[in-house]
Amino acid sequence: MNTSITQQRIAAWWSGIPWHRAARTAGKILAPLAALGIVLGAWQIYVTSANINALILPAPSQIAQHTLADWANLQPALVVTLQETAIGFAYALAFGLGTAALLDLIPPLRAALSPLFVASQSIPIVALAPLLQLWFGTDLTAKVIVIVLVCFFPITVAGLDGLRATEPDLIRLYRSFGASLWQIFYLVRLPNALPAIFSGIRIAITYSVIGAIFAEYVGAEQGLGVYLREKQAAFRVDLVIGAIAVTAIASVALFLLVMVIERVTIPWFFAARRKVAGGEG
Amino acid sequence: MLDITASFQHPSSDRAPKPGEQCIAAMNVSHTYRGDDGQRVAALRDVSLSVAPGEFASVIGPSGCGKSTLLGILAGLDAPTAGVVLLDGQPTTPRQRLGRIGLMPQRDLLLPWRTALGNAVAGLRVHGVPGNIARAQARDLFARFGLSQFERAYPHALSGGMRQRVALVRAALASGPVLLLDEPFGALDALTRADLRHWLLEAWQGLGKTIILVTHDVDEALLLSDRVFVLSPRPGTVRAVIDVALPRPRDLAVQGSAEFVELRRRLLTALEAQL
Ligand SMILES: Nc1ncnc2c1ncn2[C@@H]1O[C@H](COP(=O)(O)OP(=O)(O)OP(=O)(O)O)[C@@H](O)[C@H]1O
Ligand SMILES: [Mg+2]
């Protein structure tokens, strides 16, 4: 009697687990990892079997080994770069969203400035970085400016698009409540824009790490960019590739962090999207 | 034919309109849209109608005759190109009407990031009513509208009929006594429509609202209204006003009565005369 109840409970618990979704999520994580494993494996086999000079192209195993051995030098560089990224990204987020809101609320300003923003994207930051270094030196300011320049655009554009995408009928409904422009903005249009803003942030966060490293590469005392430049000058291909891999991992980690924050901030968006997609449980 | 058997009573005589008393009225309202290409579209011409406090009025007319335009003007969302709208006998500007008249659009337009209860209090929050007071008011109505179990549900988890009921609660809470409904049940199946008519009558009689309902459905207009305004094709103007002096509740017996059939014939004739 008791056992059968326990069995029933276990069965209920078992069937209550959303296996479909768990399997889908696992697949989403495992598939790219498997692909990466295959590439690394092929690389390893090629380098060892073809007897490639390790100074030209080291094997993945060797890269991992040497990078870990040099971790004491790499880790502080990574910390410095991530700090710059965080500061630069915070400024970019504040400026980007502030600009989007301002341009949205003042249409003449949008008409005047948004074409300039689009045009500004054709300016190569590569060419600007040395100038910034000349003006601001090798301290934090130059790096933060580079990161802001790189991240500002995707955030601003996403914010502007998201704010404009609000249904006119919804705005009319709120006007019929007697809502002010400001109330319509923060009660309707801003929350409505959040999914778009998050996709802009996801793009910007990956740019931000690259921007920081690039700024360091041009001129800095510390950071991954400096590390890369030094190891390159010393012909340490293994450590250069290792540092690049660490950079990529850091970028992916930041990207995933944004996705987690997104899930927590706008769960309604994902719930509604699951429903549209017909996904169950 | 649909049956509304709930024990709704006609509004008590003290709420019945006194002669000449008007809650909301349009006087010689005309509206012309100017399209993007500069072309003018006359949507309404010289529309005059007056609805008494506690009255249930319907507006019926062919598609594109300006019914939504009329409601937008009454709500204060658009300024008519000519004419005035009176509230309680006083001429008003469109801006003065915003926030005083409840509007329920055809689509529910619930915010996906708010729960059912959060959506229902949307209008109250705009008016600055504190959250706990607003929620208490909405909870009362949720109980009356059979929504209590769904207070915390998000719109994507609600059925079409429930979403529309939440939108009705939101409109009822958002404003004073006047409620404008723009084909609120258009997208729903017949059974759900019957269900929602029941809740609409509850909002009307239970809450003492004055209602103007836009509908395409002749039977719906006759089942619900005290008076039906028939609009002509575009530019819309009032072609006929039909008094529906049928007893309430308008159950199957009333729907089978000779009076009902006769009113139905008159309404259809008024509609067809213009085609
Ligand atoms: N913003 C606008 N600009 C130009 N013309 C418009 C605009 N809105 C509506 N119209 C025109 O005005 C007329 C009346 O439109 P309205 O939406 O009021 O009709 P309706 O009676 O509500 O129609 P339906 O029953 O199909 O909802 C239509 O011919 C429409 O094409
Ligand atoms: Mg309409």
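Residues numbered from 1 in each chain as written. Chains lettered and ligands numbered in written order. Predicted model: local features only at pLDDT ≥ 70, side-chain atom pairs only at ≥ 80, totals over all residues. Heavy atoms only, no water.

1. What to know about the environment of A:L113
- Positionally, A:L113 belongs in helix α5 (residues 107–120).
- Residue classification places A:L113 among the partly exposed residues on the basis of a relative accessible area of 30%. (Helix = DSSP H or I, 4+ residues; strand = E, 2+ residues; numbered from the N terminus. Buried < 20%, exposed > 50% of the residue type's maximum accessible area, 1.4 Å probe, protein only.)

2. Considering the pairing of strand β2 (residues 40–51) of chain B
Residues and elements named next belong to chain B.
- As defined by bridge partners, strand β1 (residues 24–34) adjoins β2 across eight bridges and the pair is classed as antiparallel. Paired with I24 across the strands is V51, a residue of β2.
- Joining the antiparallel neighbours β1 and β2 is a turn of five residues, in which G38 adopts a positive phi near 80 degrees. (Pairing = 2+ DSSP bridges.)

3. Focus on a positive patch on the surface
- A contiguous patch of positive charge on the surface is contributed by A:R21, A:R24, A:K28, A:R263, A:R273 and A:R274.
- Broken down by secondary-structure element, the contributors of at least two residues to the positive patch are α2 (19–49) and α12 (267–277) of chain A. (Patch = residues over 30% accessible without salt bridge, like charges linked within 9 Å, V, L, I, M, F, W, Y side chains within 5 Å. Areas by Shrake-Rupley, 256 points an atom, 1.4 Å probe, with all protein chains shown as cover. Salt bridge = Lys/Arg side-chain N within 4 Å of Asp/Glu carboxyl O. Lys, Arg positive; Asp, Glu negative; His and termini not counted. Charge placed at Lys NZ, Arg CZ, Asp CG, Glu CD.)

4. So, the site of ligand 1
Residues and elements named next belong to chain B.
- In the vicinity of ligand 1, the contacting residues are Y33, A43, S63, G64, C65, G66, K67, S68, T69, E183, H216 and R234.
- Between ligand 1 and S63, the relevant distance is 2.5 Å, taken from an oxygen atom to a side-chain nitrogen or oxygen of the residue.
- R234 places a polar side-chain atom, nitrogen or oxygen, 3.2 Å from an oxygen atom of ligand 1.
- Look at ligand 1: alone it shows 630 Å² of surface, and the protein chains cover 64% of it.
- Among the elements that line the shell around ligand 1, the one with the most residues is helix α1 (residues 67–75), at three residues.
- When the residues that make up the shell around ligand 1 are grouped by side-chain class, the tally is three nonpolar, six polar and three charged. (Near = heavy atom within 4 Å. Polar contact = N/O pair within 3.5 Å; in protein donor to acceptor, adjacent residues only side chain to side chain. Nonpolar A, V, L, I, M, F, W, Y, C, P; charged D, E, K, R; others polar.)

5. Quick notes on the interface of chain B and chain A
- Across the contact, 24 residues belong to chain B and 20 residues belong to chain A.
- The contact between chain B and chain A buries some 2,000 Å² in all, and 64% of this surface belongs to carbon and sulfur atoms.
- Three residues, B:W113, B:V126 and B:H156, lead the burial of chain B against chain A; their summed loss comes to 35% of the area buried on that side.
- Joining chain B to chain A, the criterion identifies three salt bridges.
- The shortest N-O distance in the salt bridge between A:E167 and B:R107 comes to 2.6 Å.
- Put simply, chain B and chain A have seven residue pairs in polar contact (both at pLDDT 80 or more) between them.
- Those elements giving two or more residues to the side of chain B that touches chain A turn out to be α4 (122–126) and α6 (160–174) of chain B.
- Ranked by residues supplied to the side of chain B that touches chain A, first place goes to α4(B) with four residues.
- Its residues assigned to classes, the side of chain B that touches chain A shows 14 nonpolar, five polar and five charged. (Contact = heavy atoms within 4.5 Å. Buried area = accessible area lost by both parts, 1.4 Å probe.)

6. A few points about the confidence of the model for chain B
Residue and element names in this part refer to chain B.
- In the predicted model, chain B carries a mean pLDDT of 87, and the fraction of residues at 70 or more is 92%.
- The least confident element of chain B, judged by mean pLDDT, is helix α7 (residues 190–207) at 84; the most confident is strand β3 (residues 56–60) at 96.
- Under a pLDDT of 50 for its full length, residues 1–19 has, in the predicted model, 43 contacts with residues more than four places off or in other chains.
- For this predicted complex, the interface score ipTM comes out at 0.88, alongside a pTM of 0.82. (pLDDT = per-residue confidence, 0-100.)

7. Quick word on the domain arrangement of chain B
All names here are of chain B.
- Taken domain by domain, chain B consists of domain 1 (12–100 + 178–275) and domain 2 (110–174).
- Of note, the centres of domain 1 and domain 2, computed from C-alpha atoms alone, are 25 Å apart.
- Every contact between the two is made by 16 residues of domain 1 and, on the other side, 13 residues of domain 2.
- Summed over both partners, the interface of domain 1 with domain 2 comes to about 1,100 Å²; 68% of that surface belongs to carbon and sulfur atoms.
- Here E202 ties to R144 by a salt bridge, and the two come within 2.9 Å at their closest N and O atoms.
- The set of elements that each furnish at least two residues to the side of domain 1 that touches domain 2 consists of β7 (178–182) and α7. (Domains from an automatic or database assignment.)

8. Thoughts on the sheet that holds β2(B)
Residue and element names in this part refer to chain B.
- The strand order β2-β1-β4-β5 describes an open sheet built from four strands, whose pairing is antiparallel. In the strand order of this sheet, the two ends are held by β2 and β5 (90–92), each with one partner. Geometrically, the sheet is characterised by an average inter-axis angle of 30 degrees between neighbouring strands, direction not taken into account. (Axes fitted to C-alpha atoms, helices over the stretch in contact; angles between N-to-C directions.)

9. A closer look at the pairing of β7(B)
Residues and elements named next belong to chain B.
- Burial analysis of β7 places five of its five residues in the buried class, the great majority of the element.
- Side chains of β7 alternate between two faces, with V178, L180 and D182 and L179 and L181 buried alike.
- Summarising the sheet, β7 and strand β8 (residues 210–215) pair through five bridges and their orientation is parallel. Bridge assignment links D182 to a residue of β8, and that residue is V214.
- Handedness of the crossover joining β7 and β8 through α7 is recorded here as right-handed. (Right-handed = clockwise from strand over helix to strand, strands pointing away.)

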